[in-house]
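Here is how the chains run, residue by residue.
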Amino acid sequence: MIRWLIVLFLALVVFNWLWPYMNKIGLGKLPGDFRFKVFGREWFIPLASSILLSLIAGAIGKFV
């Protein structure tokens, strides 16, 4: 279970780092993406965007 927590934390860090680039292409503004402030830092949880990216990656993997 600790592995999943580490993976989740790392994924959140990566998505927060990539957030400005994702906004340029329209990701991060979908209805399932959450933003909130905790301890003076803005956090971004891109639930809908990550599902969309996963479906795209799966489709590419299936056809390649």
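Let us look at the structure shown here.

Thresholds applied
- Residues numbered from 1 in each chain as written.
- Predicted model: local features only at pLDDT ≥ 70, side-chain atom pairs only at ≥ 80, totals over all residues.
- Heavy atoms only, no water.
- Pairing = 2+ DSSP bridges.
- Helix = DSSP H or I, 4+ residues; strand = E, 2+ residues; numbered from the N terminus.
- Patch = residues over 30% accessible without salt bridge, like charges linked within 9 Å, V, L, I, M, F, W, Y side chains within 5 Å.
- Areas by Shrake-Rupley, 256 points an atom, 1.4 Å probe, with all protein chains shown as cover.
- Salt bridge = Lys/Arg side-chain N within 4 Å of Asp/Glu carboxyl O.
- Buried < 20%, exposed > 50% of the residue type's maximum accessible area, 1.4 Å probe, protein only.
- Expected span 1.5 Å × (residues − 1).
- Bend = angle between axes of the 7 residues up to and from the residue.
- Contact = heavy atoms within 4.5 Å.

**A short note on the pairing of strand β2 (residues 41-46)**
In this sheet, β2 lies alongside strand β1 (residues 33-38) in antiparallel orientation, the contact comprising six bridges. Considered in β2, the bridge of R35 is made with F44. The turn joining β1 and β2, which pair antiparallel and follow one another in sequence, is formed by two residues; a positive phi near 55 degrees is taken by F39.

**Quick look at a nonpolar patch on the surface**
A grouping of M1, I2, L5, I6, F9, L10 and V13 is seen on the molecular surface, where their side chains present a nonpolar patch of about 760 Å² in accessible area. With respect to the helices, strands and loops of the structure, V13 is situated in helix α1 (residues 2-24).

**Notes on unusual backbone geometry**
With a phi close to 55 degrees, F39 is a non-glycine residue in the positive phi region. Classification of F39 by relative accessible area gives exposed; the value is 86%.

**Topic: α1**
Helix length check: α1 (23 residues) gives 34 Å between terminal C-alpha atoms against 33 Å at 1.5 Å per residue, within 8%. At L18, α1 shows its maximal kink, close to 55 degrees; a proline, P20, follows between one and four residues later. Within α1 the residues assigned to the buried category are F15, N16 and M22. In this structure, the buried side of α1 is in contact with β2 and α2 (47-63). One or two steps after α1, the chain reaches G26, where phi turns positive at roughly 100 degrees.

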